Amino acid sequence: MKFSDVKENMWIRYDNQPCYVFHVKHTSCYVIAQDYNEFEIDMCEFDTQEIDEIKVNHYSINDVVVYTGAGILIQNELATITRIDHNQFQGYYLQFLDSSSILPSTPFDFELVT
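The rules behind each value
- Residues numbered from 1 in each chain as written.
- Predicted model: local features only at pLDDT ≥ 70, side-chain atom pairs only at ≥ 80, totals over all residues.
- Heavy atoms only, no water.
- Helix = DSSP H or I, 4+ residues; strand = E, 2+ residues; numbered from the N terminus.
- Buried < 20%, exposed > 50% of the residue type's maximum accessible area, 1.4 Å probe, protein only.
- Contact = heavy atoms within 4.5 Å.
- Phe/Tyr/Trp six-rings, centres within 6.5 Å; stacked < 30°, edge-to-face > 60°.
- Lys NZ or Arg CZ within 6 Å of the ring centre and 35° of its normal.

Asks: Lay out the side chain of Thr80 with the relevant residues and their values.
Replies: With respect to the helices and strands, Thr80 occurs in strand E7 (residues 78–84). For Thr80, a relative accessible area of 15% translates into the label buried. If we skip the residues at most four places from it in the chain, Thr80 touches Asn62, Asp63, Val64, Tyr93, Leu94, Gln95 and Leu97.

In structure tokens, the structure reads:
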């Protein structure tokens, strides 16, 4: 992937982990990694590192999913997607079936129930 291909609100794989691009400047971009670490990637790193765009699965409101993210107390719990905002790092809002709790999540925090 070339630096010129980087756009805001896209997901990339950097250092073998998903990262959300939240700001792009002329010579760098700012990302949030799946572990919530924010950092800057210089355009030169696109020439020396393996950085690829991640095509994220598209989900819909009312899809039932199983939570697989970092929240240990709610892992493997069923939830419904109640809201989607593709312009945010945690743009999927999950309401767990056994409570009224809503948790913002990344598309890597859950799997679709089929």
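Asks: A description of unusual backbone geometry should follow, citing residues and the corresponding values.
Replies: Non-glycine residue Asn9 carries a positive phi angle of around 70°. Relative accessible area serves as the criterion here: at 32%, Asn9 is assigned to the partly exposed category. Its identity is not glycine, yet Asn16 carries a phi of approximately 65°, on the positive side. Classification of Asn16 as exposed rests on a relative accessible area of 68%.

Asks: Residue-level account of the packing of aromatic side chains, with values.
Replies: On inspection of all chains with the given rule, the structure shows 12 aromatic pairs. Considering the side-chain rings of Trp11 and Phe108, the 4.9 Å spacing of their centres and the 75° angle between planes classify their relative orientation as edge-to-face. Separated by 97 residues along the polypeptide, Trp11 in strand E1 (residues 11–14) and Phe108 in the loop between strand E9 (102–105) and strand E10 (110–112) bring together distant segments of the chain. Look at Phe108 and you get partly exposed, because its relative accessible area is 29%. With a centroid separation of 6.3 Å and an interplanar angle of 55°, the aromatic rings of Tyr20 and Phe89 are classed as tilted. Here Tyr20, found in strand E2 (residues 17–24), pairs with Phe89, found in the loop between E7 and strand E8 (92–96); they are 69 residues apart in sequence, far enough to count as distant. An identical accessibility class is assigned to Tyr20 and Phe89; each is buried. Linked through ring pairs, Trp11, Tyr20, Tyr36, Phe89 and Phe108 together constitute an aromatic cluster. If you follow Arg83 out to its NZ or CZ, it ends over the ring of Tyr93, 4.1 Å from the centre.

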